[in-house]
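The residues making up each chain are set out below.
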Amino acid sequence: QIRETAGPAPGEDPIDHHLLVLAEKTGSLIATSALFGATFASVPAEQAETLHRYGEAVGVAFQLSDDLLDITAERAESGKVPGTDLREGIPTLPVLFALRSVEAPDPAGDPAGDGDAARLRELLAGPVPEESIAEALALLRASPAVDAAHAVLRSYADRAHGLLAELPEVPARAALETLADFVVARTG
């Protein structure tokens, strides 16, 4: 929590920092749960370590999917009020990708990029006011940032699947595979 509150150190990549925060928060919570389950089930130490690493990967994937839902889902389908993180000024992965993409100079010479990119940068500079949430959501949904965040989400789910492939084929493994698939599928 302290690392998240402090933000990235000078020169630290904000995206790398964000993924580390997710690994240390949600990832470690799920990893510890997986390790405890393995320990209580008396599985061999090597398998317990694999389940621990799986838990971290699926935990980060779950948080990434939650962050994406905040931008991509409608309230009726997710039960969440879209844009909550935007209102609070929380820099989730899609926001960080959007900020990174709009910071790159436009080859045509416009340093802010096109008008939408410049407006998105302006909106994401801090907490988004309520009257601008719909606009910010529309701009984010149309930006390549959402696809980039989905790709990172899929990479964590793929990592989780790869770890499970090291374990015996038992019903518990199938359930954990389903969980890894679910965290990706819930974002559409």
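For the structure itself, look to the data block above.
K.L.:
Looking at this model, I keep getting lost on the overall build of the protein. Mind explaining?
P.N.:
Helix and strand content of the protein: ten helices and zero strands. When the helices and strands of the protein are placed in sequence order, the string is α-α-α-α-α-α-α-α-α-α. In the protein, buried positions account for 39% of the 188 residues. Taking as baseline every contact in the protein between residues at least 6 positions apart, the subset at least 24 positions apart corresponds to 64%. With an accessible surface of roughly 9,900 Å², the protein has 59% of that area assigned to carbon and sulfur atoms.

K.L.:
Can you walk me through the side chain of Thr50 in this structure?
P.N.:
For Thr50, the position within the fold is in helix 3 (residues 45–72). At 3.4 Å, the side chain of Thr50 and the side chain of Glu166 are in polar contact. Setting aside its immediate chain neighbours within four residues, Thr50 contacts Leu163, Glu166 and Leu167.

K.L.:
Even after reading the chapter, I still don't get the nonpolar core, so can you show me in this structure?
P.N.:
One broad trend across soluble globular proteins is that nonpolar side chains are buried collectively. Of all hydrophobic cores here, the largest spans 44 residues; its most connected members are Leu19, Leu64, Leu86, Leu93, Leu124 and Leu140. At ten residues, the largest contribution of residues to this core is made by helix 3. Not counting residues up to four positions away in its chain, the partners in contact with Leu140 are Ile71, Leu86, Pro94, Val95, Ala98, Leu120, Leu124 and Val146.

K.L.:
I would appreciate a short explanation of the packing of aromatic side chains in the present structure.
P.N.:
In this description, a pair of aromatic rings is defined by centroid distance and the angle of the planes. Tallying each qualifying case throughout the model produces one aromatic pair. Taking the ring centre of Tyr156 as reference, the NZ or CZ of Arg159 above it sits at 4.5 Å.

K.L.:
Looking at this structure, how should I read unusual backbone geometry?
P.N.:
What you tend to see is this: most non-glycine residues have negative phi, and most peptide bonds are trans. Of note in the backbone geometry, Ser42 takes a positive phi value of approximately 55 degrees without being a glycine. If you trace the backbone, Ser42 turns up in the loop between helix 2 (14–40) and helix 3.

K.L.:
Would you take a moment to explain helix 7 (residues 115–123) for this structure?
P.N.:
It helps to recall that an α-helix has 3.6 residues per turn; residues three or four apart then point in one direction. Residues Ala117, Leu120 and Leu123 constitute the buried set of helix 7. Each buried residue of helix 7 sits inside an arc of 125 degrees when the element is viewed along its axis, so together they form one side. For helix 7, exposure combined with an orientation more than 90 degrees from the buried face picks out Gly115 and Glu122.

K.L.:
When you look at the packing of helix 7 against helix 8 (residues 133–142) in this model, what are you seeing that I'm missing?
P.N.:
Each pair of packed helices can be described by the angle between their axes along with the distance between the axes. Contact geometry for helix 7 and helix 8: axes closest at 10 Å, N-to-C directions at 125 degrees. Between helix 7 and helix 8, the angle is such that the two are oblique. Read as a crossing pair, helix 7 and helix 8 show a hand that is left-handed. On helix 8, the residues that touch Asp116, Arg119, Leu120 and Leu123 of helix 7 are Glu135, Ala136, Leu139 and Leu140.

K.L.:
How should a nonpolar patch on the surface be read in this particular structure?
P.N.:
Taken together, Phe62, Leu179 and Phe182 make up a surface patch of nonpolar side chains, about 270 Å² in accessible area. Checked against the element boundaries, Leu179 lands in helix 10 (residues 171–185).

K.L.:
What should I look at first to understand the environment of Leu29 in this one?
P.N.:
Along the chain, the position of Leu29 falls in helix 2. Between the alpha carbons of Leu29 and Gly55 there is a distance of 8.0 Å; along the sequence they are 26 residues apart.

What counts and how
- Residues numbered from 1 in each chain as written.
- Predicted model: local features only at pLDDT ≥ 70, side-chain atom pairs only at ≥ 80, totals over all residues.
- Heavy atoms only, no water.
- Helix = DSSP H or I, 4+ residues; strand = E, 2+ residues; numbered from the N terminus.
- Buried < 20%, exposed > 50% of the residue type's maximum accessible area, 1.4 Å probe, protein only.
- Contact = heavy atoms within 4.5 Å.
- Areas by Shrake-Rupley, 256 points an atom, 1.4 Å probe, with all protein chains shown as cover.
- Polar contact = N/O pair within 3.5 Å; in protein donor to acceptor, adjacent residues only side chain to side chain.
- Core = buried A, V, L, I, M, F, W, Y, C linked by side-chain atoms within 4.5 Å.
- Phe/Tyr/Trp six-rings, centres within 6.5 Å; stacked < 30°, edge-to-face > 60°.
- Lys NZ or Arg CZ within 6 Å of the ring centre and 35° of its normal.
- Arc of directions from axis to C-beta.
- Axes fitted to C-alpha atoms, helices over the stretch in contact; angles between N-to-C directions.
- Parallel < 35°, antiparallel > 145°, perpendicular 65-115°, else oblique.
- Left-handed = near helix turned anticlockwise from the far one by under 90°.
- Patch = residues over 30% accessible without salt bridge, like charges linked within 9 Å, V, L, I, M, F, W, Y side chains within 5 Å.
- Salt bridge = Lys/Arg side-chain N within 4 Å of Asp/Glu carboxyl O.

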